Amino acid sequence: MHDFSIVLIWLRVWISMAQLQQGGPDEKEKTTALKDLLSRIDLDELMKKDEPPLEFPDTLEGFEYAFNEKGQLRHIKTGEPFVFNYREDLHRWNQKRYEALGEIITKFVYELLEEECHLKKVYIPVDAMESEPRSFIFMSEDAMTNPEKLMVLIHGSGVVRAGQWARRLIINEDLDSGTQIPYIKRAIEDGYGVIVLNPNENYIEIEKTKAQIHLSPDSSDEPAEKRERKEKIPKDTKKRRDFYEKYRNPQKEKEMIQLYIRENGSPEEHAVYVWDHFISQSAAENVFFVAHSYGGLAFVELNCCNWVSSSEPLDASVESMLPDCPRVSAGTERHELTSWKSHASIFRFFAEALEAKRRSGKAAPTRRSQRIRYDEL
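Given the structure is predicted, the values throughout are model-derived calculations rather than measurements.

Engineer: How would you sum up a nonpolar patch on the surface? Please name residues and give values.
Structural biologist: Side chains of Ile204, Ile206 and Leu259 sit close together on the surface and give an oily, nonpolar patch of about 200 Å² of accessible area. On the secondary structure map, Leu259 appears in strand 8 (residues 256-260). Take Leu259: its relative accessible area is 32%, and that puts it in the partly exposed class.

Structure below.
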């Protein structure tokens, strides 16, 4: 029995109850009997039978997938690409399975950054105590000492972590289009020092203790106004809400607490922290940023170019409603592919900027001390 079947069963039950309530005394007795029957149904058990356990492998081999010589994720036995709808009509379970695979992909990319790109993991805050939450970035050996040029890579928002552009591309396309690895290898070949930011790693999660789960409303951190609104909810509404929650989340998952990382609790904080403690302290005379999507809001340079999704050919000028920086086409209409498709053009842009600086003998424009907000434009 699947989710859809359960919905139909309950829909029929509610229709039957509505019809019975319109009748006379006999129908009311039937309604009472039906309500009594429903009260004895264990919704938790009913829903759990419908959804398999949310337990997944913790390795690619366990999922029976591996990356082939082209960097494509393929099933070990069939050679087929990843299949999202592994269990028909179980979208939530399939999504959880996808997320579990995504966590493995993240660790796999971290390993590639260290083993293939020879980057080192650097923990932050730099003065973190052993007991406090920490994040990390990746740096080349010469990131702080390269006297000429430094490249800083920043991914967008969401589930992606250091070294990734888009998880969906890694899983459904290949490692080249979905990760920052081609940029890192090309940058190292061209003599850049490299720093890879990790702006979405803002907190760690720990499981709530039983005492924290059973905190009384008065002793919780929930605002008083929100508690008052909850207390005013009619009992019937609460019952319907409880039923929906049991249907939506039949398997009670662990309740977690988020412990934010000091001075790195948001992508913006992370970017500023890395700027203050690493980028601004580096020996590089020239610093270049490659920022995808939301990563561009963390660092906006005066001397910049924005490759945007567009149906126009690669590098064609694209009109902008905001006076932030020149916009050109990335040669693709898919947002997640813009960094990969514009890869060669971006390196050419950097080389031309360096050459222009050498010819003029003037320093490139420096970063604004305070970014202009969109409501000020």
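Engineer: Residue-level account of the pattern of salt bridges, with values.
Structural biologist: One pass over the structure, following the stated rule, counts 13 salt bridges. Where Glu103 meets Arg167, a salt bridge forms, and the shortest distance between an N and an O atom there is 3.8 Å. One end of the pair, Glu103, is in helix 5 (residues 91-115); the other, Arg167, is in helix 6 (residues 167-172), with 64 residues separating them in the sequence. For Glu103, a relative accessible area of 47% puts it in the partly exposed group. Judged by relative accessible area, which is 6%, Arg167 ranks as buried. With a shortest N-O distance of 2.9 Å, Glu132 and Arg262 are connected by a salt bridge. Within this pair, whereas Glu132 is found in the loop between strand 3 (120-124) and strand 4 (135-139), its partner Arg262 is found in the loop between strand 8 and helix 12 (267-277), the two being separated by 130 residues in sequence. A single network of salt bridges, built from pairs that share partners, joins Asp127, Glu132, Arg262 and Glu263.

Engineer: Go over empty space enclosed by the protein, please, and point to the residues and values.
Structural biologist: Evaluation of the coordinates by the stated rule reveals 1 cavity of 30 Å³ or more. Considered as a void within the structure, the largest cavity measures approximately 30 Å³ in volume. Forming the walls of the largest cavity are 10 residues, and the residues nearest its centre are His155, Pro199, Pro267, Tyr294 and Gly295. Here the lining of the largest cavity is built from residues that sort into 5 nonpolar, 5 polar and no charged.

Engineer: Give a detailed account of unusual backbone geometry, specifying residues and quantitative values.
Structural biologist: A cis amide bond, omega -5°, links Ile124 with the succeeding residue Pro125. In this structure, Pro125 sits in the loop between strand 3 and strand 4. The phi torsion at His118 lies on the positive side, around 60°, for a residue other than glycine. Here His118 shows up in the loop between helix 5 and strand 3. Of note, the phi angle at Asp315 is positive, near 75°, even though the residue is not glycine.

Engineer: Explain helix 8 (residues 181-189) to me, and be specific about the residues and the numbers.
Structural biologist: Buried within helix 8 we find Ile181, Pro182, Tyr183, Ile184 and Ala187. Just beyond helix 8, the residue with positive phi is Gly191, at close to 90°.

Engineer: Can you tell me about the confidence of the model for the chain, naming the residues and giving the values?
Structural biologist: Here the chain shows a mean pLDDT of 81. Residues at 70 or above account for 69%. Note on residues 1-11: pLDDT is under 50 here. Beyond four places in sequence and across chains, it has 21 contacts. Contacts for the low-pLDDT stretch residues 216-220, under 50 throughout, to residues beyond four places or in other chains number 3 contacts.

Engineer: Give me the lowdown on the layout of surface pockets, citing residues and values where you can.
Structural biologist: Over the atoms rolls a probe the size of a water molecule, and in doing so it shows where empty space is left. In this structure, the second largest pocket spans a volume of roughly 1,000 Å³. Along the walls of the second largest pocket sit 26 residues, with Glu99, Ala100, Glu103, Glu205 and Met256 positioned nearest its centre. Mapped by element, the contributors of at least two residues to the lining of the second largest pocket are helix 5 and strand 7 (203-207). Of the residues forming the lining of the second largest pocket, the biggest block, 9 residues, is contributed by helix 5. In terms of residue class, the lining of the second largest pocket is built from 9 nonpolar, 3 polar and 14 charged.

Engineer: Now, about the packing of aromatic side chains: what can you tell me, with residues and values included?
Structural biologist: Scanning all chains against the criterion turns up 20 aromatic pairs. Measuring from ring centre to ring centre gives 5.5 Å for Tyr110 and Phe138, while their planes differ by 35°; the resulting arrangement is tilted. Residue Tyr110 is found in helix 5, and its partner Phe138 is found in strand 4; the two are separated by 28 residues along the sequence. Tyr110 gets classed as buried once you look at its relative accessible area, which sits at 10%. With relative accessibility at 0%, the residue Phe138 sits in the buried group. Feature note: the residues Trp165, Tyr183, Tyr192, Phe288, Trp307, Phe347, Phe349 and Phe350 constitute an aromatic cluster, connected by ring pairs. The ring of Tyr86 is capped by Arg97, whose NZ or CZ atom sits 4.2 Å from the centre of that ring. The side chain of Arg186 reaches across the aromatic face of Phe347, ending 4.6 Å from its centre.

Quick notes on the rules
- Residues numbered from 1 in each chain as written.
- Predicted model: local features only at pLDDT ≥ 70, side-chain atom pairs only at ≥ 80, totals over all residues.
- Heavy atoms only, no water.
- Patch = residues over 30% accessible without salt bridge, like charges linked within 9 Å, V, L, I, M, F, W, Y side chains within 5 Å.
- Areas by Shrake-Rupley, 256 points an atom, 1.4 Å probe, with all protein chains shown as cover.
- Salt bridge = Lys/Arg side-chain N within 4 Å of Asp/Glu carboxyl O.
- Helix = DSSP H or I, 4+ residues; strand = E, 2+ residues; numbered from the N terminus.
- Buried < 20%, exposed > 50% of the residue type's maximum accessible area, 1.4 Å probe, protein only.
- 1 Å grid on protein atoms, 1.4 Å probe; cavity = no way out; pocket = protein on both sides within 12 Å on 5 of 7 lines; lining within 4 Å.
- Points joined across faces, edges and corners; volume = space filled by probe spheres on them.
- Nonpolar A, V, L, I, M, F, W, Y, C, P; charged D, E, K, R; others polar.
- pLDDT = per-residue confidence, 0-100.
- Contact = heavy atoms within 4.5 Å.
- Phe/Tyr/Trp six-rings, centres within 6.5 Å; stacked < 30°, edge-to-face > 60°.
- Lys NZ or Arg CZ within 6 Å of the ring centre and 35° of its normal.

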